[in-house]
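Here is what each chain is made of, one letter per residue.
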Amino acid sequence: MVEAVLIDLFSLPANSQSNIQGLLHNTLEAIEKHSSIHALCVYVMCCQRQGSERKGEQEFLLPALRSFQSLNRKLEVVSAQTTSAALYTIKQRLDEKDLSIIKVILPTLRKHLMKVYIDHLFTSVYQFEFEDLQVVSDCENLQISEHQNEGQTLPSQDVALIQSEIQMYLESLPSLKGELTILRSSLIPGDIFLHGFTTRTGGISYIPTLSSCNLFSSSKRRDPQVVVKENLRRLANAAGFNPEAFHRVKVDHANAVCVMGKTEPDNYDGIVTNQKGVTLAAPGADCIPVLFADPVRRACGAAHSGWKGTLLGVSMATVNAMVSEYGCNVKDILVVLGPSVGPCCYKLPHESAKEFHRIDPKCVRLFDSASPYIDIRRATRILLERGGILPENIQDDSVTDQNQNITFCTACHPDKFYSHFRDGTNFGTQIGFISIKD
């Protein structure tokens, strides 16, 4: 069932106020007569002319809307100077109401253009249906027909222009939830390595569970890749790394490790390099983003360690890759565990908890319960120490000086961090990142 209707009048010439009023009135009337749509909301997308204010444009459209106020729909006019701005504003309205099934009614020649905008600004969470609005002569005659010219595609230069328009618009948006904040460890020498752990502030993602500096896009979430890319650009500017030389692990919740410069595995939770200026990153939204640095051999790594990866030894697998590929000495490698869900909040079924109990009984609290509390950080530290990493070369929540601690519980700090455990399926993601300075 269609949940919202979008009427695209953006590209139609408005020679006079009465013309566009009549067009909008007739469009709504045509929908009412010829379409069996029963939607919660109707959005009308119009072009805001240079020098005009949005309020003024809405005011002259009101006469065309008044006769439709009795409909069981909420009508809203959204005017902006670019299609990107108008469509992104409508996306915000849809997300506020958690609407995902949208009927788009638009002039035939706008369909392929609109599909490019939608592909960039929306994810597969949303479902779009299209109807062609054929405007004839002086806008007095309207016809609505479905699915015409489906085989056509937009020229590549037009797609590039749309991408540029979207990027410029997103770059113009203000940061949300305060300034961008980066947590850094005093254990990793700043003269050799650039590193940090992000928090949720300073980006442009607006959906509550994703706001604001979400750094991971998924087909199952509402934050599109272009927004994540803009968040990353802002992070790169603040941190001082090149976003074009940025490599994030491909999460598989296992223990495979990618060595930069060699054949890239399909999926991997660890990544290592000795190349200068290449930034490695691991996501975390309860799982641990783990950073590795060897100031002697000048090599570094990053790993994503959830409960499965922890049990599979992904952190030591990353260490071992640094040793075998770059000749690192285990005793020189520094390891920092980033923000992750703490033993105060994290539970697993009893069968899974047994595996952590085998590592060390102290990794499990209330072991005899159906869902014991698990300390994946302690388990990670124990496995690293057993592998030869010096205890003093590991930073995690065992650090007593809270001014130096960066391993906060993500579930306990909703103002600072994302948490899958706390927020559910539409959760945001922070990262840990590291690179060797040029």
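Summary of the structure given here. (Residues numbered from 1 in each chain as written. Predicted model: local features only at pLDDT ≥ 70, side-chain atom pairs only at ≥ 80, totals over all residues. Heavy atoms only, no water.)

### Section: the sheet that holds strand S18 (residues 394-395)
Now for step 1: The strand order S10-S11-S14-S13-S15-S18 describes an open sheet built from six strands, whose pairing is mixed. Here the strands that pair on one side only, and so sit at the sheet edges, are strand S10 (257-259) and S18.
Now for step 2: Helix H8 (residues 314-326) contacts S10, strand S11 (270-273), strand S13 (288-294) and strand S14 (299-305) of the sheet and is inclined by roughly 160° relative to S14. (Pairing = 2+ DSSP bridges. Helix = DSSP H or I, 4+ residues; strand = E, 2+ residues; numbered from the N terminus. Contact = heavy atoms within 4.5 Å. Axes fitted to C-alpha atoms, helices over the stretch in contact; angles between N-to-C directions.)

### Here we look at the packing of helix H5 (residues 156-172) against helix H6 (residues 225-239)
Now for step 1: It is the contact of H5 with H6, at a shortest axis distance of 10 Å, that shows an interaxial angle of 55°. In this view, H5 runs oblique relative to H6, as classed from their interaxial angle. The interaxial crossing formed by H5 with H6 has right-handed handedness. On H6, the residues that touch Ile166, Leu170 and Glu171 of H5 are Val226, Val227, Glu230, Arg233 and Arg234. (Parallel < 35°, antiparallel > 145°, perpendicular 65-115°, else oblique. Left-handed = near helix turned anticlockwise from the far one by under 90°.)

### Observations concerning helix H10 (residues 376-386)
Now for step 1: Where H10 is concerned, the buried positions are Ile376, Arg377, Ala379, Thr380, Arg381, Ile382 and Leu384.
Now for step 2: The opening residue of H10 is aspartate 375, an N-cap whose side-chain oxygen sits 3.2 Å from the backbone nitrogen of arginine 377. (Buried < 20%, exposed > 50% of the residue type's maximum accessible area, 1.4 Å probe, protein only. Polar contact = N/O pair within 3.5 Å; in protein donor to acceptor, adjacent residues only side chain to side chain.)

### A few points about the pattern of salt bridges
Oppositely charged side chains are able to pair whenever their charged atoms sit close together.
Now for step 1: As enumerated under the stated definition, the model contains 20 salt bridges in all.
Now for step 2: Note that lysine 91 is salt-bridged to aspartate 95, the shortest N-O span being 2.9 Å. Note that lysine 91 and aspartate 95 are positioned in helix H3 (residues 83-96) at a spacing of four residues, about one turn of the helix.
Now for step 3: Here aspartate 95 falls in the buried class, since its relative accessible area comes to 12%.
Now for step 4: Through salt bridges with shared partners, a single ionic network connects Lys91, Asp95, Asp98 and Arg222. (Salt bridge = Lys/Arg side-chain N within 4 Å of Asp/Glu carboxyl O.)

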